[in-house]
Amino acid sequence: IRGDFAVLLNKTFTFREAKLETYALKDVSEDDYYAQAIANCCGAGVITERGMFYPESDITRIDAILMIYRALTNNSLISGGLTTDVSMFTDGNLLTTVERQMAAATLNKLGLINGDDKGALNPDATMTRAEMAVVFTKLDQ
């Protein structure tokens, strides 16, 4: 779920502590176990939603890709070599913004994400826990 993904990102990148109320997320209570992680991700520019974050909803592959990409770029862990070429994905046309294209292409180039056995990224599909485990294992390396 989205809240758990924020926890994993926060643990992986150890973002600075931020105040939750600054980001006005109506669906995240300070009592939620993921609240501080979400606040820290907001403070780091990884989570850009305002108003609603939907922490109990499944996370789509593209939302996860965007958050990882932002975490890497905002922490200066990617320098140069950024690209918007998503031709390696058979459904690259579904990536309708430059940020989505750059995130998917760059993470693919870094070996963090791949398409399925047919070459599709499936950006709107739910990212499974197994896929999360693979990505975070690769990030730790």
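Above this text you will find the structure in question.
Residues numbered from 1 in each chain as written. Predicted model: local features only at pLDDT ≥ 70, side-chain atom pairs only at ≥ 80, totals over all residues. Heavy atoms only, no water.

A. Local environment of the nonpolar core. Counting 48 residues, the largest nonpolar core has Phe5, Leu9, Ile38 and Ile68 as the members making the most contacts within it. Those elements that provide at least two residues to this core are helix 1 (2-13), helix 2 (35-43), helix 3 (61-74), helix 4 (98-109) and helix 5 (129-140). The element best represented in this core is helix 3, accounting for 9 residues. When neighbours within four sequence positions are excluded, Leu9 is seen to be in contact with Thr14, Phe15, Cys41, Val46, Met67, Ile68, Ala71 and Phe136. (Core = buried A, V, L, I, M, F, W, Y, C linked by side-chain atoms within 4.5 Å. Buried < 20%, exposed > 50% of the residue type's maximum accessible area, 1.4 Å probe, protein only. Helix = DSSP H or I, 4+ residues; strand = E, 2+ residues; numbered from the N terminus. Contact = heavy atoms within 4.5 Å.)

B. Molecular detail of the side chain of Asp91. Mapped onto the fold, Asp91 is located in the loop between helix 3 and helix 4. It is Arg61 that comes nearest to the buried, bridge-free Asp91 among opposite-charge side chains, at 7.5 Å. A polar side-chain atom of Asp91 sits 2.7 Å from the main-chain amide nitrogen of Leu121. Excluding its chain neighbours within four sequence positions, the residues that come into contact with Asp91 are Gly119, Ala120, Leu121, Asn122 and Pro123. (Lys, Arg positive; Asp, Glu negative; His and termini not counted. Salt bridge = Lys/Arg side-chain N within 4 Å of Asp/Glu carboxyl O. Polar contact = N/O pair within 3.5 Å; in protein donor to acceptor, adjacent residues only side chain to side chain.)

C. Summary view of helix 4. Given a rise of 1.5 Å per residue, 12 residues ought to cover 16 Å, and the 16 Å separating the end C-alpha atoms of helix 4 matches this to within 8%. For helix 4, the complete set of buried residues consists of Met102, Ala103, Ala104, Ala105, Thr106, Leu107 and Asn108. Immediately downstream of helix 4, the backbone of Gly111 shows phi near 80 degrees, a positive value. (Expected span 1.5 Å × (residues − 1).)

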